[in-house]
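Here is what each chain is made of, one letter per residue.
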Amino acid sequence: RLEALATESGCPVDVVNAGVHGYSTDQEALWYEREAGPLGADVVVIAAYYNDLLHNARDRYSGSPKPRGEVREGVLSPINTPLPQPAPPKAPSGPAPRRPIEGSALKALIVERLFMGAPLWHARLARLGLVESYEPDSVPDELRVYRSRGRNPEIEAAWSNTEQILGSVGNTIRSRGSRAVLAHIPARFEVSDRAFELTILRYGLERSAWDPSRVRTRLEEIASRTGFSFLDFTPALRAAVSLSAGEPYFPYDGHWNASGHD
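S.K.: Please clarify how the sheet that holds strand 7 (residues 229-232) should be interpreted in this entry.
M.R.: Backbone hydrogen bonds hold the strands of a sheet together, and the pairing may be parallel or antiparallel. Across the sheet, 3 strands lie side by side as 1-6-7; this open sheet has parallel pairing. With one partner strand each, in any of the chains shown, strand 1 (43-48) and strand 7 form the two edges of the open sheet. Mean inter-strand twist for the sheet, computed between neighbouring axes without regard to direction, equals 25 degrees. In terms of strand pairing, strand 6 (residues 179-184) meets strand 7 through 4 bridges, oriented parallel. Its bridge partner lying in strand 7, Leu182 is registered against Phe230.

S.K.: Would you mind showing me how to read the pattern of salt bridges here?
M.R.: Side chains that differ in sign of charge can pair as their charged atoms come close. Applying the stated criterion to the full structure yields 17 salt bridges. Between Lys66 and Asp26 there is a salt bridge, with its nearest N and O atoms 2.7 Å apart. Residue Lys66 is located in the loop between strand 3 (64-65) and strand 4 (69-72), and its partner Asp26 is located in helix 2 (residues 25-35); the two are separated by 40 residues in the primary sequence. Judged by relative accessible area, Lys66 falls into the buried class, the value being 3%. Across the pair Arg207 and Glu197 runs a salt bridge whose closest N-O atoms are separated by 2.3 Å. Of this pair, Arg207 sits in the loop between helix 8 (193-203) and helix 9 (214-226) while Glu197 is found in helix 8, placing the two residues 10 residues apart along the sequence. We classify Glu197 as buried; its relative accessible area is 17%. Three or more residues joined by partner-sharing salt bridges are found here, namely Arg58, Asp141, Arg144 and Glu154.

S.K.: What exactly am I supposed to notice about the packing of aromatic side chains here?
M.R.: Under the counting rule described, the total for this entry stands at 5 aromatic pairs. Relative to Tyr146, the ring of Tyr50 has its centre 5.3 Å away and its plane inclined at 65 degrees; by these criteria the two rings are edge-to-face. Of this pair, Tyr50 sits in helix 3 (residues 50-55) while Tyr146 is found in the loop between helix 5 (119-127) and helix 6 (153-175), placing the two residues 96 residues apart along the sequence. For the pair shown, Tyr50 and Tyr146 are each scored as buried. Through pairs of rings, three or more aromatic residues link up here, namely Tyr49, Tyr50, Tyr146 and Phe189.

S.K.: What's the story with the pairing of strand 1 in this structure? I'm lost.
M.R.: Looking along a regular strand, one sees side chains alternate from face to face of the sheet. Residue alternation in strand 1 divides its side chains into a buried set, Val44, Ile46 and Ala48, and an unburied set, Val43, Val45 and Ala47. Bridge count for strand 1 against strand 6 is 6 bridges, and the pairing is parallel. In the sheet register, Ala47 faces strand 6, and the bridge partner there is Ala183.

S.K.: Honestly, the packing of helix 6 against helix 9 in this entry has me stumped. Any pointers?
M.R.: Two measures define how a pair of helices packs: the angle their axes make with one another and the distance between the axes. Interaxial distance between helix 6 and helix 9 falls to 10 Å at its minimum, and their mutual angle equals 40 degrees. Overall, the two elements helix 6 and helix 9 adopt an arrangement that is oblique. Considering only the axes of helix 6 and helix 9, their crossing is right-handed. The segment helix 6 lies against helix 9, with Glu156, Trp159, Glu163, Leu166, Gly167 and Arg174 engaging Val215, Arg218, Leu219, Ile222, Arg225 and Thr226. The residue makeup of the contact of helix 6 with helix 9, split by class, is 5 nonpolar, 2 polar and 5 charged.

Reading the values: rules and limits
Residues numbered from 1 in each chain as written. Predicted model: local features only at pLDDT ≥ 70, side-chain atom pairs only at ≥ 80, totals over all residues. Heavy atoms only, no water. Pairing = 2+ DSSP bridges. Helix = DSSP H or I, 4+ residues; strand = E, 2+ residues; numbered from the N terminus. Axes fitted to C-alpha atoms, helices over the stretch in contact; angles between N-to-C directions. Salt bridge = Lys/Arg side-chain N within 4 Å of Asp/Glu carboxyl O. Buried < 20%, exposed > 50% of the residue type's maximum accessible area, 1.4 Å probe, protein only. Phe/Tyr/Trp six-rings, centres within 6.5 Å; stacked < 30°, edge-to-face > 60°. Parallel < 35°, antiparallel > 145°, perpendicular 65-115°, else oblique. Left-handed = near helix turned anticlockwise from the far one by under 90°. Contact = heavy atoms within 4.5 Å. Nonpolar A, V, L, I, M, F, W, Y, C, P; charged D, E, K, R; others polar.

Listed below in structure tokens is the structure:
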């Protein structure tokens, strides 16, 4: 899609999509260091999403072992390889029993859509006793990078590791004659104020202690210090939000839809 859009605008390019499901910045950088040299790229874009950050300081992802990259004497290397063999998958136990629907299925659908589409109205109706109040979920560790109050040692270590990783791979990119670009991929709640309100309600957060622009700001600072050009998709994605077109994200998923990719 990127090749097509660029060609239509008079800038034909060849695009190599090196994204891998489950990779964070450390594994992306290790792959680039070892495999990408022969590609001879003019521009190398590292796309950073908020859940990459914490896993740049961890050796497991979704319960499975992963290489952890660390910069020592300016060189990025995995520090925990070879990895242990993953546990064999458990035999499927069959589908979990579904919770029976009580009352009106239409009402349940409307309340669900109200919560997802107008969370503040849902909260007001819950206070009046017209709908069932929402029980907050526990806050995922990855989301804590947006917390603007207090200091979490693991989060700060993750930011430090991320900066060192980007510094190392940035040097390699430039040594190969390529331009290094760090692209911030905003979460849905960074683009949509409604989605931010929904996130506050979903996890029962104190609004003043959470800053949806925190990741973008810190990544831009890191880009400046490590010699990357910084690309922020937030303004373009915000501009794509409209009553007629909706949002550039899937309603029940954190990924871009077709409009978001364009």
